[in-house]
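Topology and contacts: notes
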Amino acid sequence: MDNQTILGKLDPEVLDRMATRRDALRGAGSLGLGLALASVPLGLAALAKSAFAQGIPAAVVSVLNFALVLEELEAEFYVRGVAAAGLIPATDRTIFTTIRDHEVAHVQFLRDALGGQAVAKPTFDFTAGGAFSPFTDYAQFRALAQAFEDTGVRAYKGQAPDLLVAPAILRAALTIHSVEARHASEVRRLNGNFQSMEPQQGWITLNDRGVVPAAAQAVYDGEENVTQAGINVATLPGAAGTLSAEAASEAFDEPLTRAQVLAIVDPFVVEPLS
């Protein structure tokens, strides 16, 4: 099974666009990218397996395989980062070791739930074709971690509607989604601002990418939206008067479509493991 077969199971409609985007992102030195609990509750795992035993729509299997590839990417990134000698300082090591364990648990849960329907694990290139060196440069490692986590939060949100037909699976996915959000906030605060050394907030203002390089702007595009369910939140009264666009954007987090996520992570996905 080649890389296009794996990604084709996730969303065939975007494959033709991905090769071009991969070349463009790598040529620009893309940060590119991409998607818990210390362990997923056993009760949720049992519910998910029961749902599969009863048969669930192919669309739900596709969503879970999409999530699986993102979780595999994150898990391997942190496994390799924690194992890299001298990369993570002692003050931050517990944080990334804990996140690693969460991501590994997510992978194990999704593979267990999918069983024989799970896609093969791809091979990942965290240099994005030589543009980065995250396992020798701690600043790059943290920037990639932030971009991966922020992508994962928006990716889970974007797929939730397709899981409404499988409530047990949706419930399990939401337990992962909220922990990915905690990861994102923790990493964002840990990062601070590499240029000014000022603290960085845990939430996203407008479409500000923070410390993440410009090539990864797609991770944050759309976050500037201030209209929710037809209501312009920026016109609502706040505690100190009418909300600003900045405050309105911070109060709501936007989803990413599957095509958007796949375009973001594609530079980091190469061939599947043999």
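For the structure itself, consult the block above.
Model, not experiment: these values are computed from the prediction. (Residues numbered from 1 in each chain as written. Predicted model: local features only at pLDDT ≥ 70, side-chain atom pairs only at ≥ 80, totals over all residues. Heavy atoms only, no water.)

In this model, helix α4 (residues 58–83) (26 residues) spans 37 Å end to end at C-alpha, consistent with the 38 Å of a helix rising 1.5 Å per residue. With respect to burial, α4 is a largely interior element, 21 of its 26 residues being buried. (Helix = DSSP H or I, 4+ residues; strand = E, 2+ residues; numbered from the N terminus. Expected span 1.5 Å × (residues − 1). Buried < 20%, exposed > 50% of the residue type's maximum accessible area, 1.4 Å probe, protein only.)

Of note, V82 is situated in helix α4. V82 gets classed as buried once you look at its relative accessible area, which sits at 5%. Distance from V82 to R93, taken between C-alpha atoms, is 7.4 Å for residues 11 residues apart in sequence. Contacts of V82, omitting those with residues within four sequence positions, involve I88, R93, F96, T97 and R100. (Contact = heavy atoms within 4.5 Å.)

Next up on the list: the pattern of salt bridges. Per the counting criterion, the structure on display carries eight salt bridges. Residue D92 pairs with R142 through a salt bridge whose shortest N-O separation is 4.0 Å. Here D92, found in helix α5 (residues 90–114), pairs with R142, found in helix α6 (residues 138–159); they are 50 residues apart in sequence, far enough to count as distant. An identical accessibility class is assigned to D92 and R142; each is buried. Each of E76, R80 and K121 takes part in a single network of salt bridges with overlapping partners. (Salt bridge = Lys/Arg side-chain N within 4 Å of Asp/Glu carboxyl O.)

Per the stated rule, a full pass over the model turns up 15 aromatic pairs. Measuring from ring centre to ring centre gives 6.4 Å for F96 and Y138, while their planes differ by 85°; the resulting arrangement is edge-to-face. Of the two residues, F96 sits in helix α5 while Y138 sits in helix α6, which places them 42 residues apart along the sequence. Each member of the pair F96 and Y138 is classed as buried. Aromatic pair F135 and F141: ring centres 6.4 Å apart, planes at 50°, arrangement tilted. Residues F135 and F141 agree in their burial class; the two are buried. (Phe/Tyr/Trp six-rings, centres within 6.5 Å; stacked < 30°, edge-to-face > 60°.)

As a further point, take the nonpolar core. With 37 residues, the main nonpolar core has F77, F96, F126 and F141 as its most contacted residues. Of all the secondary-structure elements, those providing two or more residues to this core are α4, α5, α6, α7 (167–191) and α9 (258–265). The element best represented in this core is α6, accounting for seven residues. If near-sequence neighbours (up to four positions away) are discounted, F141 is found in contact with F77, Y78, G81, L87, I88, F96, P134 and F135. (Core = buried A, V, L, I, M, F, W, Y, C linked by side-chain atoms within 4.5 Å.)

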